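# Secondary and tertiary structure notes
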Amino acid sequence: MPVTYTKVEKITDAAAVKLAYKPTHPGLFEVAYAEGDYNSKLVAARPYAKGEILCKVEGITAGPKKYTSVQVGKDDHIELNSDLVFMNHSCNPTVSLDTDTMTVVAVVDLKEGDNLTFFYPSSEWEMDQPFPCWCGAEQCVKNVQGAKFLSKETMSRYFLTKHIQTLLEEREAAASAAQV
Ligand SMILES: [Zn+2]
């Protein structure tokens, strides 16, 4: 399928952007555009119960690791090519992006308008563009760089994709081998 999705992130006229906006998943979720750089977010367009699947992740394409890509295997990255690319990071996420089943799943009960966020290190081992986190969660990891930089204990609080579980196990095995 042709890839025509463009992420608009530097916004000077939110009203104009909203007017031209066509949601990729109407009725399920939509982008809440905000002026400034990287201030937009993805919000629920209807309520979801904890554990409910918001959508299947379709229309993806393989590509290099970038700030917009999602890691789906030890060396594999994809582009989402939909409004899902606006899902921001939170250390207290509202959804999980399950790259094994290619679904987005609610991890809490969601109301219409709730911010859809996921924990980026649940899929990313070493991120292309690390950033300081200001999510305000009690368990905030402060520096979002990828799972490689977080302890097993911290990672155990979150939904984890299979490739991240494998990479964490390999890291632990290498660390204990180095101690002998
Ligand atoms: Zn945080």
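Bear in mind the structure is a predicted one, so any value in this text is a computation, not a measurement.

Formed by 32 residues in total, the largest nonpolar core has its most connected members in Met87 and Val95. Mapped by element, the contributors of at least two residues to this core are β2 (29-32), β4 (41-44), β10 (95-98) and β11 (103-106).

Moving on, we get to the UniProt feature "domain: SET" (unreviewed entry) in the protein. When the UniProt feature table is mapped onto this chain, "domain: SET" (unreviewed entry) is found at residues 17-121. For residues 17-121, the helix share is 4%, the strand share is 31%, and the end-to-end C-alpha distance is 30 Å.

For the rest of this paragraph, the subject is the sheet that holds β10. The three strands are arranged β5-β11-β10 in an open sheet whose pairing can be described as antiparallel. The open sheet has two edge strands with one neighbour each: β5 (53-56) and β10. Going across the sheet, the axis of each strand differs from the next one's by a mean of 15 degrees, ignoring polarity. Two elements, β5 and β11, share three bridges in a ladder whose sense is antiparallel. Following the sheet pairing, Ile53 is matched in β11 by Val105.

Excluding glycine, most residues fall at negative phi; most peptide bonds, likewise, are trans. Unlike most non-glycine residues, Tyr38 shows phi in positive territory, near 60 degrees. Its location among the elements puts Tyr38 in the loop between β3 (36-37) and β4. In this structure, Lys142 is a non-glycine residue whose phi angle is positive, near 70 degrees. Structurally, Lys142 can be placed in the loop between β13 (131-132) and β14 (143-144).

What follows concerns the sheet that holds strand β6 (residues 61-62). Sheets are built from strands paired through backbone hydrogen bonds, the pairs being either parallel or antiparallel. If you walk across this open sheet you meet the three strands as β6-β8-β7, and the pairing is antiparallel. Two strands close off the open sheet at either side, each with one partner strand: β6 and β7 (70-71). As paired strands, β6 and strand β8 (residues 77-79) are joined by two bridges and run antiparallel to one another. Within the sheet, the bridge partner assigned to Thr61 lies in β8 and is Glu79.

A separate point is the environment of Phe119. Examined against the element boundaries, Phe119 turns out to sit in the loop between β12 (117-118) and β13. Taking the number of C-beta atoms within 10 Å as the measure of exposure, Phe119 has 27 and is therefore buried. Residues Phe119 and Leu97, 22 residues apart in the sequence, show an inter-C-alpha distance of 8.5 Å. When near neighbours in sequence (up to four residues on either side) are disregarded, Phe119 contacts His89, Ser90, Cys91, Pro93 and Tyr158.

How each quantity is defined
- Residues numbered from 1 in each chain as written.
- Predicted model: local features only at pLDDT ≥ 70, side-chain atom pairs only at ≥ 80, totals over all residues.
- Core = buried A, V, L, I, M, F, W, Y, C linked by C-beta atoms within 7 Å.
- Buried ≥ 20, exposed ≤ 12 C-beta atoms within 10 Å, placed from the backbone.
- Helix = DSSP H or I, 4+ residues; strand = E, 2+ residues; numbered from the N terminus.
- UniProt positions renumbered as here; feature names shortened; annotations may be inferred.
- Pairing = 2+ DSSP bridges.
- Axes fitted to C-alpha atoms, helices over the stretch in contact; angles between N-to-C directions.
- Contact = placed C-beta atoms within 7 Å.

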